[in-house]
Amino acid sequence: MLSQWNFNNSYLQLPKIFFSKTKPNQFPNLELILKNQKLIDKLSLDRNKFNKFIVTSIADDKQDFYSQAYAGHQFGHFTILGDGRATLLGEHLNKKSERFDIQLKGSGKTPYSRNGDGKGTLKSMLREYIVSEAMHNLNIKTTRSLAVLKTGERIMRNGFEEGGILVRVAESHIRVGTFQLAALSKERKNIEELLDYSIKRLHPEIYEHKDRHLEFYKKIVENQINLMIEWQRVGFIHGVMNTDNMALSGETIDYGPCAFLDEYNPNKVFSSIDQKGRYAFNNQPKIALWNLARFAETILHLIHKDQTLAIKIIEDLLKSFEKKYYELWLKMMKNKLQINNHNEKDEKLIIELLDLMHVFKLDFTNTFIEIDNDQIKKHDFMKNWYSKLKERRKINKKFNKTNDKYNPKIIPRNHIIEKVLNESENGNYDNLYKFIENLNEPYSNEVNSNFQKGPSEDEKIHQTFCGT
Ligand code: AMP
Ligand code: MG
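Residues numbered from 1 in each chain as written. Chains lettered and ligands numbered in written order. Predicted model: local features only at pLDDT ≥ 70, side-chain atom pairs only at ≥ 80, totals over all residues. Heavy atoms only, no water.

Considering the pairing of strand β8 (residues 159–170)
We count it as follows: Whether a residue is buried, partly exposed or exposed follows from its accessible area with a 1.4 Å probe, protein chains only, as a fraction of its type maximum: under 20%, in between, or over 50%, in that order. Secondary structure counts use DSSP, requiring at least four H or I residues in a row for a helix and at least two E residues in a row for a strand, with both numbered from the N terminus. One requirement defines pairing of two strands: DSSP has to find at least two bridges between them.
With nine of its 12 residues buried, β8 lies for the most part within the structure. Note: strand β6 (residues 99–105) against β8, five bridges, orientation antiparallel. Within β8, the position partnered with L104 by the bridge is V167. As paired elements, strand β7 (residues 144–157) and β8 share 10 bridges and run antiparallel to each other. Of the residues in β8, the one forming a bridge with L149 is I165. In sequence, β7 turns back onto β8 through a hairpin of one residue.

Looking at the side chain of N396
Stated formally: N or O atoms within 3.5 Å of each other form a polar contact, as long as, within protein, one can give a hydrogen and the other can take it, and as long as residues adjacent in sequence are counted only when both atoms are side-chain atoms.
Along the chain, N396 turns up in the loop between α11 (383–393) and α12 (414–425). In this structure the side chain of N396 is engaged in a polar contact, spanning 2.9 Å, whose partner is the backbone oxygen of Q338. A distance of 3.5 Å separates a polar atom in the side chain of N396 from a polar atom in the side chain of R392.

Some remarks on the pattern of salt bridges
We apply this condition: Salt bridges are defined as contacts in which a side-chain nitrogen from Lys or Arg sits within 4 Å of a carboxyl oxygen from Asp or Glu.
Enumeration over the complete set of coordinates arrives at 38 salt bridges. The residue R157 makes a salt bridge to D117 at a minimum N-O spacing of 2.8 Å. Placement of R157 in strand β7 and of D117 in the loop between β6 and α3 (122–137) is noted, with a sequence separation of 40 residues between them. A salt bridge links E297 to R294, with the shortest nitrogen-to-oxygen separation between them at 2.6 Å. Residue E297 and its partner R294 are both found in helix α7 (residues 284–303); the two are separated by three residues, about one turn of the helix. A relative accessible area of 46% means that E297 is categorised as partly exposed. By relative accessible area, which is 14% here, R294 ends up buried. Salt bridges linked by common partners bring E91, R99, D101 and R201 together as one network.

Laid out in structure tokens, this is it:
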């Protein structure tokens, strides 16, 4: 079959420390379970031939496939890592010459697998598909999911489980950890080449700038602030914000133990391995800042020849992170409450709401829907706060209510994901497809109310797991 890929692997021009040539395992009984029509179109692939094409792409052993090397701080501890269960098929250029990394996740061992088997369960790959595409449709930057395939193998996890492959699409998989790996090397040119490559790939518009290294760093900081605000807007907890899981493209990456808030709790943690709450909901912006400091350390000598001065420049920049983050957070929360214009008591009003939500264990997403549609007054304990909000709205400038893209009507709730995935294990994909369809338009008022409800006490999922 003729390949539809238009590969142009710029990453392979980098020094060899950054990758290894790899091949996916061969799976004779691959079966396509999910495909993403819109993304197929965006990549300029042929909808009608996709099913066969994607299976033959994985079986193709003539191409220049590779896995990326990187390092990273995992829960604060530095380790050498790499794509332990991922193979990049290549960088595909669509008809508009936009570049996308096309990666298989769960396709078998690589030189970076350490003790792992290089595989993933079908369930965890479907989970990543659901959540990453939901994030995209919520207008949040993220890696995308093109397809999920069943490998036909059973792999050992909690007993034997079906194996799966996710075809993941990203603007780029370069991470803070890629720079941390480069910084370990004695040869300075490794860092310089990686940095110039990243600028050309992610922000070509600043390549000619006389301070391009610093300008690039500023862009990365800005992207991360925006991403953190967006996660707070929808109640998303990533769960494993290690430096190897922070993409310089500003895309949300690696959907392992992530989850959305049901009840609002700023200290909420789902991940079973995050025992100290390092990656708790409200801690995420601080961790992004910490990760950005680790990134800065790797390129300090390129920020300024004088190291003391370089440190000062970065420190000042990172100090401004908090201020900028706060300004944007306030703006975002005001948008969620449909208030504009300035009033010095706005922050107080917002904090009061969040405190009430916390104390009365209100559902994060549905509370904002109830505020939007005047239902919030059904709770006696919210009446006083709600009248303050209505009073506050009187000083609003004209507001265009039809354009609400701040409060989603549906999010991929954990208990529903579990339910549809459990059904799919028994070969019933109906609710999985329906759920995905509803998540395609999260701001529409037409969503199925069964997918909107928070979990009942016995439906609640208290923990999520990595490496499944
Ligand atoms: P994560 O925190 O999910 O990004 O994974 C951390 C590291 O473990 C990455 O280098 C992964 O490639 C690797 N890894 C995760 N699962 C497996 C697996 N089943 N086999 C080999 N390596 C894995
Ligand atoms: Mg990772």
